[in-house]
Amino acid sequence: MLGQLSRRQILSLVHGKRLFSSKPNNDVIPVEEARRFIIDSMVKVGVQENHSTALADVLVAADYRGHFSHGMNRLEMYVNDILNKICDGNALPSIVKENVCTALVDGKNGLGPVVGNFSMKLAIEKAKSAGVGWVAANNSNHYGIAGWYSLQAAQAGLIGLSFTNTSPLQTPTRAKAAALGTNPLTVAAPAKNGETFFLDMATTAVALGKIEIQNRKNEPLPEGWAIDKSGKVTTDGRVAMQEGCLLPLGGTEINSGYKGYGLAFMVELFCGILSGSDYGPKIRRWLEADRPANLGQCFIAVDPNCFAPGFSDRLQDMMDFCRNMEPTESSKPVLVAGDPEKMHMDKVNRQGGITYLQNQIDASVIGFFA
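Residues numbered from 1 in each chain as written. Predicted model: local features only at pLDDT ≥ 70, side-chain atom pairs only at ≥ 80, totals over all residues. Heavy atoms only, no water.

Tallied over the full model, the rule gives 18 salt bridges. Here Glu219 and Lys217 are joined by a salt bridge, their closest N and O atoms 4.0 Å apart. Residue classification places Glu219 among the partly exposed positions, given a relative accessible area of 38%. Residue class for Lys217 comes out partly exposed when judged on its relative accessible area of 35%. The shortest N-O distance in the salt bridge between Arg323 and Asp320 comes to 3.6 Å. (Salt bridge = Lys/Arg side-chain N within 4 Å of Asp/Glu carboxyl O. Buried < 20%, exposed > 50% of the residue type's maximum accessible area, 1.4 Å probe, protein only.)

Have a look at this one:
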């Protein structure tokens, strides 16, 4: 492999051209240009184009929606896993066993988005024929934003859910060490006129990537995000990264953090424990590349037409009711899940691209040769 070159020197070797083919305007990168860069990066390290495209789609979708912790911020990790032969970028998942509404998928240590797309497509097909599709996958890798998969079901007129376990980063309530991951959960459902209820959340106080972004901005963490090795709340993002101890959703016990801990355990039940993958403390630590991740994931699609008629009407009515409630501050209207993402997408469309921090762009400039 290459020696300790700067990331920009490495980029010039990998791409033979500058970072983006069109000059960024104040670090605003056109969406398609960001997508092109990710595809080129993965193809350059040996991943076939359709798998590279699957990864680029989900990473750019994260940035487009404002979830910068899970977009281009993650590219370096994917490239390193391929170069270190920890992940097989060209592997195809397979069905181990199935019945009319369930399936177990072996991800074959492939790219998480390839496994995720395969599994949710299968769940959607089963829901279309049987009303419900429930698919668990093992031998997978980081699959990007969980919401990418629930949205696929919603776009097919179904209720979609997805879950994934992750490296142990979350400290159970009253513990000093991590035993569970950020273990995100998501649900998306179609309302009226193209509207979608879209919830995508970690079961920790924040996703790990949010701490990475705070560090990139050289800003302290808000209270209640992480603890140090003594179990005390810390606002030092570098301590949080080194010791890998994120608080569960809710924070400390006095603020009901045990509820986030319970939700994280539920996600683990659906993912690692149900699929037979690694789980909890058995998963490799974050960014360690000594063995495959062997993550477990879960994908569920439900046809609302199997239940009471008028689902989308009632969902829209509930969303509209909440949005029209009197806010505590006139400048901050009441939102429903998915509204912040829509506002960010509108902003990206208006400004002609995604605004990246310069050091986030720098961190994505990677690539090696054997």
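An α-helical turn contains 3.6 residues, so any two residues separated by three or four positions project in the same direction. All of the buried residues in helix α6 (residues 147-155) are Gly147, Tyr149, Ser150, Leu151, Ala153 and Ala154. In this structure, the buried residues of α6 make contact with α3 (49-65), α5 (112-130), β5 (159-164), β6 (185-190), β7 (196-201) and β10 (295-302). Count one or two residues on from α6 and you reach Gly157, which has phi positive near 85°. (Helix = DSSP H or I, 4+ residues; strand = E, 2+ residues; numbered from the N terminus. Contact = heavy atoms within 4.5 Å.)

What follows concerns the side chain of Ser167. Counting through the fold element by element, Ser167 comes out in the loop between β5 and β6. With residues near it in sequence (within four places) discarded, Ser167 still touches Leu180, Gly181, Thr182, Ile283, Arg284, Arg285 and Trp286.

What follows deals with the nonpolar core. Formed by 48 residues in total, the largest nonpolar core has its most connected members in Met42 and Leu111. Broken down by secondary-structure element, the contributors of at least two residues to this core are α2 (31-44), α3, α4 (75-83), β3 (102-106), α5, β4 (132-140), α6 and β10. Ignoring any residue separated from it by four or fewer positions in sequence, one finds Leu111 in contact with Met42, Val47, His51, Tyr78, Ile82, Cys87, Asp88 and Gly89. Among the nonpolar cores identified, the runner-up in size contains 16 residues, and Phe163, Val267, Ile300 and Val302 belong to it. (Core = buried A, V, L, I, M, F, W, Y, C linked by side-chain atoms within 4.5 Å.)

Running from amino to carboxyl end, α3 crosses helix α11 (residues 339-351) at an angle of 95°, the nearest separation of the two axes being 7 Å. Of the possible angle classes, the one that applies to α3 and α11 is roughly perpendicular. Side by side, α3 and α11 meet where Asp63, Tyr64 and Arg65 of the first sit next to Glu341, His344, Met345, Val348 and Asn349 of the second. Its residues assigned to classes, the contact of α3 with α11 shows three nonpolar, two polar and three charged. (Axes fitted to C-alpha atoms, helices over the stretch in contact; angles between N-to-C directions. Parallel < 35°, antiparallel > 145°, perpendicular 65-115°, else oblique. Nonpolar A, V, L, I, M, F, W, Y, C, P; charged D, E, K, R; others polar.)

Our next topic: the environment of Phe198. Within the secondary structure, Phe198 is located in strand β7. Measuring from C-alpha to C-alpha, the distance between Phe198 and Ala337 comes to 5.3 Å, with 139 residues separating the pair along the chain. Residues in contact with Phe198, not counting those within four places in the same chain, are Arg65, Gly147, Ser150, Leu151, Thr186, Val187, Ala188, Ala337, Gly338 and Glu341.

Here seven strands make up an open sheet; going across it, the order is β2-β3-β4-β10-β5-β6-β7 and the pairing mixed. This sheet does not close on itself; its edge strands, each paired only once, are β2 (94-98) and β7. Averaged over all pairs of adjacent strands, the angle between strand axes in this sheet comes to 15°, irrespective of strand direction. Bridge count for β2 against β3 is four bridges, and the pairing is antiparallel. Bridged to Lys97 within β3 is Leu104. Relative to the sheet, α5 contacts β2, β3, β4, β5 and β10, its axis offset from that of β4 by approximately 160°. (Pairing = 2+ DSSP bridges.)

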